[in-house]
Amino acid sequence: LIIQGVDSVLIDGLVNVALETLSPGTLADVETCKKSIAQLLGAELRVQQGVGRYVSTNVVCLIGTSGSGKTSAIAKLSLFYSQKLHKKITWICADTVRMGAIAEARAYTDAMGFKLELVYTPEDIKEILQRSEDTDLFLVDTPGYNPCNENQMIELGRLLVELPKRCTYLVAPATTKEMDLFQSSASLGIFNLDGLIITKLDETHTFGNVYNFARKNQVPLAYFTTGKEASHNLEVVDPARLVSALFGKEWNK
C-alpha cells in the first residue's frame, strides 16, 4: 500500500483496526489478513446511490480540466444509458472552441446514431432543452477548464446556471497527481458535484492517489473508465475493483 502511494495515516489506521478486531489466527495468515484489510479499504469509499440503475434527472453534465477524458466518457455514458436504461439520448457539445472538439463529438454521435446539438452561448442550451421533446436524457460535454483561471470558471458557471436541475459529474484522470485532483475538486466543487468519474485507469500502475482522493473527498464515486472506445470500458463503481488494484491487479487485465 505504501508503494502504491496510499496515505500513511490511512494505513496506520487500518493496521490499528486490524490489530483490535482480527483474531490472532487471522493475523497470522497473510492471505486472510490481506482480504480483511481489503474489505476495510473498500468500506471507506463512498459510492453514488443508484448509479447505473437509474438517472434522477434528464440532464447529465460532465466537467473537468483539459484532457481529463470528458468526451470519451460522454460517449461511453451515452451508450450505457441508451442500451442499459433505454434512454433516448441527445449529446450537447458546449466545447465549441477547442480545435477538433466538434468533429470528435460528431464522429461519436454519427457512429452511435445519437442526436448532436452545439452550444455557443449559455442561452443556446436553454433553447435546446425546450425544443427537444423527444429526448429522455441530455448529456452535456463542457469545455476543459483550468481551475486556476478565474475567467474560465466564470464562463463555466454561466453555462451551468442554465441547467439548475442537472446531475454533475467531475471527470478526474487516474494519471493526475493527488494534490491536483484535490485542487480540481475544490475549485469545481462550487458547482454542486453529484459524483466522480475516474478515467484513464489503464494508463497507470499506481492507484494510491485515486484511493486517497476518493477516500477523503466528500463526492461519491460513480463510474470508472478506460480507453477511448465508446462501446466498452465503462464500469459502474465497485470499491473492490479499486482496492484490488492497490494490491497489484492491473486494471486492464
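Here's a quick rundown of the structure.

What counts as what
- Residues numbered from 1 in each chain as written.
- Predicted model: local features only at pLDDT ≥ 70, side-chain atom pairs only at ≥ 80, totals over all residues.
- Heavy atoms only, no water.
- Phe/Tyr/Trp six-rings, centres within 6.5 Å; stacked < 30°, edge-to-face > 60°.
- Helix = DSSP H or I, 4+ residues; strand = E, 2+ residues; numbered from the N terminus.
- Lys NZ or Arg CZ within 6 Å of the ring centre and 35° of its normal.
- Buried < 20%, exposed > 50% of the residue type's maximum accessible area, 1.4 Å probe, protein only.
- Arc of directions from axis to C-beta.
- Contact = heavy atoms within 4.5 Å.
- Pairing = 2+ DSSP bridges.
- Axes fitted to C-alpha atoms, helices over the stretch in contact; angles between N-to-C directions.

Some remarks on the packing of aromatic side chains
- Scanning the model with the defined rule gives seven aromatic pairs in all.
- Look at Phe182 and Phe213: their rings are 5.2 Å apart centre to centre, the planes differ by 80 degrees, and that puts the pair in the edge-to-face class. Note that Phe182 is positioned in helix H8 (residues 178-188) and Phe213 in helix H9 (residues 208-216), a separation of 31 residues in sequence.
- Three or more aromatic residues joined by ring pairs form one cluster here, namely Phe80, Tyr81, Tyr169 and Tyr223.
- Positioned over the ring face of Trp251 is Arg241, at 4.3 Å from the centre of the ring.

Quick word on helix H10 (residues 239-246)
- Along H10, the residues that are buried comprise Pro239, Leu242, Val243, Ala245 and Leu246. Down the axis of H10, the smallest arc covering the buried residues is 155 degrees, so these residues share one side.
- Looking at the buried positions of H10, the neighbouring elements they touch are helix H3 (30-43), H9 and strand S7 (221-225).
- Residue Gly248 follows H10 closely and has a positive phi angle near 105 degrees.

What about unusual backbone geometry?
- The phi dihedral of His86 is positive, around 60 degrees, even though this residue is not glycine.
- Tracing the sequence through the fold places His86 in the loop between helix H4 (70-84) and strand S2 (89-93).
- What makes His86 exposed here is its relative accessible area of 64%.
- Within the chain, Lys200 stands out as a residue other than glycine whose phi angle is a positive 60 degrees.
- Relative to the assigned elements, Lys200 resides in the loop between strand S6 (195-199) and H9.
- Owing to a relative accessible area of 24%, Lys200 belongs among the partly exposed residues under this scheme.

Examining the sheet that holds strand S4 (residues 137-141)
- Here we have eight strands laid out as an open sheet, ordered S3-S2-S4-S1-S5-S6-S7-S8, and mixed in their pairing. Sheet topology places strand S3 (115-118) and strand S8 (234-236) at the edges, where each strand pairs with a single neighbour. Taken over all neighbouring pairs, the strand axes of this sheet differ in orientation by 25 degrees on average, direction set aside.
- Inspection of the sheet shows S7 paired to S8 by three bridges, in the antiparallel sense. Of the residues in S8, the one forming a bridge with Phe224 is Glu235.

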